[in-house]
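Overview (structure and organization)
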Amino acid sequence: MSDRKPLAGVPPRPAARAALLDETVRGIGFVAAGYAVIACADAAMKWAMPQLGPAAAMIWRGLFGALAIAALARGASLRPVNLRLIAGRSLLHCVVTVAYYVAWASALPLADTYAVASAAPLLMTLLAIPLLGEQVGWRRWLSTLAGFGGVLVMLQPGGALWRWEAGMLLCGVGLMALTRIWTRLLSRSDTPATIAFWLLLAHVPVGLLLLPLFPPPVLFPDSATMAVVALLGCANGVAHFLFARAFALAPVSALAPFEYSTLVWGLLLGLAIWGEFPAGATLAGAGIVIAAGLYNLHRERMRARDKRQALARGMPLAGGG
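First, a word on what this report is: a plain description of the structure on this page.

The rules behind the values
- Residues numbered from 1 in each chain as written.
- Predicted model: local features only at pLDDT ≥ 70, side-chain atom pairs only at ≥ 80, totals over all residues.
- Heavy atoms only, no water.
- Phe/Tyr/Trp six-rings, centres within 6.5 Å; stacked < 30°, edge-to-face > 60°.
- Helix = DSSP H or I, 4+ residues; strand = E, 2+ residues; numbered from the N terminus.
- Buried < 20%, exposed > 50% of the residue type's maximum accessible area, 1.4 Å probe, protein only.
- Lys NZ or Arg CZ within 6 Å of the ring centre and 35° of its normal.
- Salt bridge = Lys/Arg side-chain N within 4 Å of Asp/Glu carboxyl O.
- Expected span 1.5 Å × (residues − 1).
- Axes fitted to C-alpha atoms, helices over the stretch in contact; angles between N-to-C directions.
- Parallel < 35°, antiparallel > 145°, perpendicular 65-115°, else oblique.
- Contact = heavy atoms within 4.5 Å.
- Nonpolar A, V, L, I, M, F, W, Y, C, P; charged D, E, K, R; others polar.

Topic: the packing of aromatic side chains
When we look at a pair of aromatic rings, we describe it by the centre distance and by the angle of the planes. Under the definition given, this model contains five aromatic pairs. Relative to tryptophan 104, the ring of tyrosine 100 lies with its centre 5.7 Å away and its plane at 75°, an arrangement referred to as edge-to-face. Here tyrosine 100 pairs with tryptophan 104, and both are found in helix α2 (residues 83-105), just four residues apart, close to one helical turn. By the burial criterion, tyrosine 100 is buried, and tryptophan 104 matches it. Joined through ring pairs, the aromatic side chains of Tyr100, Tyr101 and Trp104 make up one cluster. Here the basic side chain of lysine 46 rests over the ring of tryptophan 274, its NZ or CZ set 4.3 Å away from the ring centre.

Here it is as structure tokens:
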């Protein structure tokens, strides 16, 4: 990615605009591929969970995933620059992984998992205020509140998702949103391979520590399960590499809509493998959340456009919208 940035108040030249557009398109391609890969890997992990248990699944995922990242790095240094943030993000993501794996071990459907996870972009909107200094105007506050109303529709008492696993998963999604914000910050100092490598490697010691809490049903799974685990571990490594690369190339506003593609993948994979289909309230709530997230994205793009126009005209910048 080019290190040359346009001067404030000076519109980028056509060649610079074309280069930025090209990087954005590449970033979109990376993130779309990453979500497709991660959905398939999640389905494989959910299938293997009865033989593995959450702790062993973390160990194997981290081991094979880190090896895949090391291979993709092709000898490049994986030494972190921002060691503190790398370590904090990696450990926090391990907590997110535990939430997902415990939910799957408790037979929470894959599509329901992604329906709850659709709240992540809304949570990123809120977290960007204290962490990135972003301004959120009344329109985005209202749409964000509406989005959380959609979460309540999904988690309504007596509904299909009215279970402790969904509440635990929602807490994990909040932490996941924080790690996405930190990915934006880390992309300024560390390479995508470094970010992904240490995230996955952290799963190995954390999984070992959790073995007494989540002992695997068998010491070593059968060969078919091990083959699936090896493949999904490598797939996780590839997916996280693609995510880190995408965030380094393109603005989050361009990548955010693809967060919702996992719900489509979850519907297709869950139906094909387990015959699962979400309840009507789950789909309705997810639709509200996604609509709110897309509206927030629309407002963010409008604010960015107004900012560029104001800078070009030498006018003061307006507040958040």
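Observations regarding the pattern of salt bridges
All told, the structure shown has three salt bridges when counted by the stated rule. Between lysine 46 and glutamate 276 there is a salt bridge, with the nearest N and O atoms lying 3.3 Å from each other. Taken as a pair, lysine 46 in helix α1 (residues 14-73) and glutamate 276 in the loop between α11 (261-274) and α12 (280-313) lie far apart in primary sequence, 230 residues in all. Glutamate 259 is the partner of arginine 180 in a salt bridge, and the nearest nitrogen-oxygen pair spans 2.6 Å. A residue pair is termed long-range when its members are at least 10 positions apart, and arginine 180 in helix α6 (residues 164-186) and glutamate 259 in the loop between α10 (252-255) and α11 qualify at 79 residues. Like glutamate 259, arginine 180 is buried.

Notes on unusual backbone geometry
Unusually for a residue other than glycine, arginine 74 sits at a positive phi of about 50°. Tracing the chain through its elements places arginine 74 in the loop between α1 and α2. In this structure, alanine 107 is a non-glycine residue whose phi angle is positive, near 70°. Within the secondary structure layout, alanine 107 lies in the loop between α2 and α3 (110-117).

A look at α11
Helix length check: α11 (14 residues) gives 20 Å between terminal C-alpha atoms against 20 Å at 1.5 Å per residue, within 8%. Positive backbone phi, approximately 70°, marks glycine 275, located one or two places after α11.

Concerning the packing of helix α7 (residues 192-201) against helix α8 (residues 203-210)
Angle between the axes and distance between the axes: these two values describe a pair of packed helices. At a minimum axis separation of 5 Å, α7 and α8 run at an interaxial angle of 15°. The angle between the axes of α7 and α8 places the two elements in the roughly parallel class. Only His203, Val204 and Pro205 of α8 make contact with α7, whose side of the interface consists of Leu199, Leu200 and Leu201. Looking at the contact of α7 with α8 residue by residue, the class counts come to five nonpolar, one polar and no charged.

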